[in-house]
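# Notes for the structure review
Each chain is listed here by its residues.
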Amino acid sequence: MSGPVSSEDQPVPVGSVEDLVDYFEAAGKPATAWRVGVEQEKIAVRDNGGPVAFDGPAGIEELLRRLEAGGYQGIREDGHLLALERQEEKITVEPGGQVEHAGTALVNALECRANLLHHVREMEDVGGALGIRFLGVGLEPFSGIDSLPWLPKRRYRMMRDFLPPRGRLGHHMMKRTATVQANLDYDDQPTAAEKLRTAFGVTSIVTALFAASSISEGRPNGYRSFRAATWLDTDEDRCGLLPFVFRDDFGFRHYVEWALDVPMFFVVRSDVHGPADVYHPAGGMTFRRFLRDGWGAERATMRDWTIHLSTLFPEVRLKQYIEVRGADAGPLPMATGLAALWRGLLDDREARRAAWNLVRDASMDEREVLRRAVPKEGMGARFVGRSVRELALELCRIAGDGLSRLPGGPNDLPLLEPLEERATSGRAPADDMLDDFYACDGDPTRLVARWQLRVPG
């Protein structure tokens, strides 16, 4: 999701829809300057699988305080320490206490791996002293939703009230799920359109490969990715696949026109009595209406647009870079392989066209059927006449070919090996989780020991 909003951002007015299109145009970078980044979320538990409170002497906030003392800059709201920054790295906390690391944008996936492993080692050390363990899974596996804390963050209070009428599982998405995503650059609109179209075309295959949420509330839940299933019943206005992406003439304006008509969660304005931001319910107002009519005396700004874009949750999201969001957080070899997979598929033109050719003939209905089948069936689902397992293996091979042609890409190739092994066997991390559950007789303490994130060596 997103860290606290900075009240120092300049409130540049939005003059027209063209300004919003230009926002994306202005982010283009030459291919020589492209970078890749990884954002990874982790589920925090106690040794016995119990939830970790936000406050208290051994809670998430104390974890952040100790990290702050070690060299991070803290970000606070209403007296609560909610996020940390260190140069380009950010640590934020999701609504149910999931801890997210947004790593530095780097030149290749191997560097992203080193950055992520350094962070996980730091979390092992600091969290371990507080009795906090971090799990590499896509869903909180032991506790019911009411046992999980709510983060005291203004943004999440607004979302907490907004989402329930729009889907039964909105609170589950907020409090229980964990993902890993890769972020990539583009140079111009045609390249961005190709990358988005290809990513949307294959995202459900990647979801199946990375599925890691087959256990919830202490028992098997009948899914490979219950994380992905929660998005099917959250808020269809802002989630899922975007049909217009598959149009031959797709460009930034199509994404802008869609985003303009998604209801806003809130309007953020500085408090007249201090530096803090105040989140005001938007009452179902779309950004299009905000731009046209204003909100009281307030007019839409580019800061409002940036905030609004962060409240849209399609499977692939456009900001001033491209976020691919469809993977469960899982074991470290999977998390560190994700950037290599997407870099190989999207940053090399030949590879992204080969990946697109795998799925280009599917209809929109078939794409949606696959999105809804994968949470339960995983790599056993079928698409365009083939098993998803076969398609996942082909994607790994295409990504490998793409990496071999990219600067520094050959160094990333070993990171694909765990993914290829999964695709070859047809076994996602979710299948290992089920095996672990039965081998441990469902004992949370033993399962925590198996699923805890540990840096090798």
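See the structure above.
Because the structure is predicted, anything quoted here is derived from the model rather than measured.

Further remarks concern unusual backbone geometry. One non-glycine residue, Gln87, lies in the positive phi region at around 55 degrees. One can find Gln87 in the loop between strand S3 (80–86) and strand S4 (89–93). Take Gln87: its relative accessible area is 82%, and that puts it in the exposed class. With a phi angle near 45 degrees, Val384 is a residue other than glycine that sits in the positive phi range. Within the secondary structure layout, Val384 lies in the loop between strand S16 (382–383) and strand S17 (386–387). Val384 sits in the partly exposed class, given a relative accessible area of 34%.

Following both chains from N to C, one finds helix H12 (residues 349–359) and helix H14 (residues 388–405) inclined at 165 degrees, their axes separated by 8 Å at the closest point. By the criterion of interaxial angle, the relationship of H12 to H14 is roughly antiparallel. You can see that H12 and H14 cross each other, and the crossing is right-handed. Taken together, the residues of H14 that come into contact with H12 (itself represented by Glu350, Ala351, Ala354, Ala355 and Leu358) are Leu391, Glu394, Leu395, Ile398, Gly402 and Arg405.

Position of Asp348 relative to the elements: it lies in the loop between helix H11 (332–346) and H12. Within the local environment of Asp348, its side chain forms a polar contact with the backbone nitrogen of Glu350, the two atoms lying 3.3 Å apart. Residue contacts for Asp348: discarding those within four places in its chain leaves Arg343, Gly402, Arg405 and Leu406.

Here we come to H11. Over its 15 residues, H11 runs 22 Å from end to end, which matches the ideal 21 Å to within 8%, given 1.5 Å per residue. Along H11, the sharpest kink reaches roughly 30 degrees, centred on Leu338. By the criterion of burial, H11 is predominantly enclosed, with 14 of the 15 residues buried.

The subject of this paragraph is the layout of surface pockets. If you add up the space inside the second largest pocket, you get close to 200 Å³. Taken together, Ala31, Thr32, Trp34, Arg35, Val107, Asn108, Arg343, Asp347, Leu406, Pro407 and Gly408 make up the lining of the second largest pocket. A per-class count over the lining of the second largest pocket returns five nonpolar, three polar and three charged.

Further remarks concern the pattern of salt bridges. Applying the stated criterion across every chain, the model contains 41 salt bridges. The residue Lys319 makes a salt bridge to Glu323 at a minimum N-O spacing of 3.2 Å. In terms of burial, Lys319 and Glu323 fall into one category: buried. Of the charged contacts, one joins Glu350 and Arg405 as a salt bridge, the two residues approaching to 3.8 Å between their closest N and O atoms. With a gap of 55 residues between them, Glu350 in helix H12 and Arg405 in helix H14 connect regions that are remote in the sequence. Here Arg405 falls in the partly exposed class, since its relative accessible area comes to 38%. The network of salt bridges with shared partners includes Glu18, Arg253, Glu257, Asp261 and Arg288.

Let us look at the packing of aromatic side chains. The final tally for this structure, using the stated rule, is 19 aromatic pairs. Ring centres of Tyr255 and Trp258 lie 5.3 Å apart, and the angle between their planes is 65 degrees; this geometry places the pair in the edge-to-face category. Highlighted residues: Tyr255 and Trp258, both in helix H8 (residues 252–260), separated by three residues, approximately one helical turn. By relative accessible area, Tyr255 is classed as buried at 0%. Exposure remark for Trp258: the relative accessible area of 14% places this residue in the buried category.

On to helix H16 (residues 417–425). Where H16 is concerned, the buried positions are Leu419, Arg422 and Ala423. For H16, the arc enclosing every buried residue in end-on projection is 95 degrees, short of the 170-degree limit, so these residues lie on one face. The outward face of H16, more than 90 degrees from its buried face, is lined by the exposed residues Glu421 and Thr424. Each element contacted by the buried residues of H16 is listed here: helix H6 (189–210), H11, H14 and helix H17 (429–439).

What follows is about the nonpolar core. Among soluble globular proteins, nonpolar side chains are generally buried collectively. The biggest cluster of nonpolar side chains holds 136 residues, and the ones touching the most others in it are Phe24, Trp305 and Trp342. The element that contributes the greatest number of residues to this core is H6, accounting for 11 residues. Setting aside its immediate chain neighbours within four residues, Trp342 contacts Ala182, Leu184, Ala199, Val202, Thr203, Val206, Val324 and Asp347. One finds Val45, Ala212, Phe437 and Val448 within the second-largest nonpolar core, a separate group that totals 15 residues.

Let us now look at the environment of Arg303. Mapped onto the fold, Arg303 is located in helix H10 (residues 302–309). In this structure Arg303 comes out as buried when scored by relative accessible area, which is 10%. Counting along the chain gives 290 residues from Arg303 to Pro13, while the straight-line C-alpha distance between them is 8.5 Å.

Turning our eyes to something else, we now look at the environment of Leu135. Looking at the element boundaries, Leu135 is found in strand S6 (residues 133–135). C-alpha separation for the pair Leu135 and Gly49, spaced 86 residues apart in sequence, amounts to 9.9 Å. When residues no more than four places from it in sequence are discounted, the contact partners of Leu135 are Lys42, Ile43, Val45, Pro141, Phe142, Val448, Trp451, Gln452 and Leu453.

This brings us to the pairing of strand S2 (residues 73–77). The pairing of S2 with S3 spans five bridges and is classified as antiparallel. Within S3, the position partnered with Arg76 by the bridge is Leu81. Between S2 and S3, which pair antiparallel one after the other, the connecting turn spans two residues, and Asp78 there sits at a positive phi close to 50 degrees.

Rules used in this analysis
Along each chain, residue indices are assigned from 1 in the same order as the chain's sequence is written. Since the coordinates come from a predicted model, pLDDT governs what is reported: local features require at least 70, and pairs of side-chain atoms require 80 or more to be given and counted, while whole-chain, interface and lining totals use all residues. The basis for the side-chain values is all heavy atoms of the structure; hydrogens and waters are excluded. By definition, any uninterrupted DSSP run of H or I lasting at least four residues is a helix, any uninterrupted run of E lasting at least two residues is a strand, and each is numbered from the N terminus. For every residue, the accessible area obtained with a 1.4 Å probe (protein chains only) is divided by the maximum for its type, and the residue is called buried under 20%, exposed over 50%, and partly exposed between those limits. Helix axes are fitted only over the stretch in contact, all axes being lines through C-alpha atoms; the angle between N-to-C directions runs from 0 to 180 degrees. The scheme is simple: roughly parallel for angles under 35 degrees, roughly antiparallel for over 145, roughly perpendicular for 65 to 115, oblique for anything else. By convention the crossing between two helices is left-handed if the near helix lies anticlockwise of the far one by an angle smaller than a right angle, and right-handed if it lies clockwise. Note on contacts: a residue pair is in contact if any heavy atoms of the two residues lie within 4.5 Å. In the analysis that follows, any N or O atom pair within 3.5 Å is treated as a polar contact, provided that within protein one partner can donate a hydrogen and the other can accept it, and provided that, for residues neighboring in sequence, both atoms belong to side chains. A helix is expected to reach a length of 1.5 Å times the quantity of its residues less one. Consider a residue and the seven residues that end there alongside the seven that start there; fitting an axis to each set, the bend is the angle between those axes. Buriedness of a pocket was judged along seven lines, with at least five required to meet protein on both sides within 12 Å; pockets are open sets of points on a 1 Å grid over the protein atoms alone, cavities are sets where a 1.4 Å probe fits but cannot get out, and lining residues have an atom within 4 Å of a point. Grid points are joined across faces, edges and corners, and a volume is the space filled by probe spheres set on the points. Residue classes follow a fixed rule: Ala, Val, Leu, Ile, Met, Phe, Trp, Tyr, Cys and Pro count as nonpolar, while Asp, Glu, Lys and Arg count as charged, and any other residue, Gly among them, counts as polar. By salt bridge we mean one thing: a side-chain nitrogen of Lys or Arg within 4 Å of a carboxyl oxygen of Asp or Glu. Pairing of aromatic side chains requires ring centres within 6.5 Å, counting the rings of Phe and Tyr and the six-membered ring of Trp. Pairs whose planes differ by under 30 degrees are stacked, by over 60 edge-to-face, and all others tilted. The arc in question is formed by the directions pointing from the helix axis toward the C-beta atoms. Side-chain atoms within 4.5 Å are what join buried Ala, Val, Leu, Ile, Met, Phe, Trp, Tyr and Cys residues into a set we call a nonpolar core. Two strands pair if DSSP finds at least two bridges between them.

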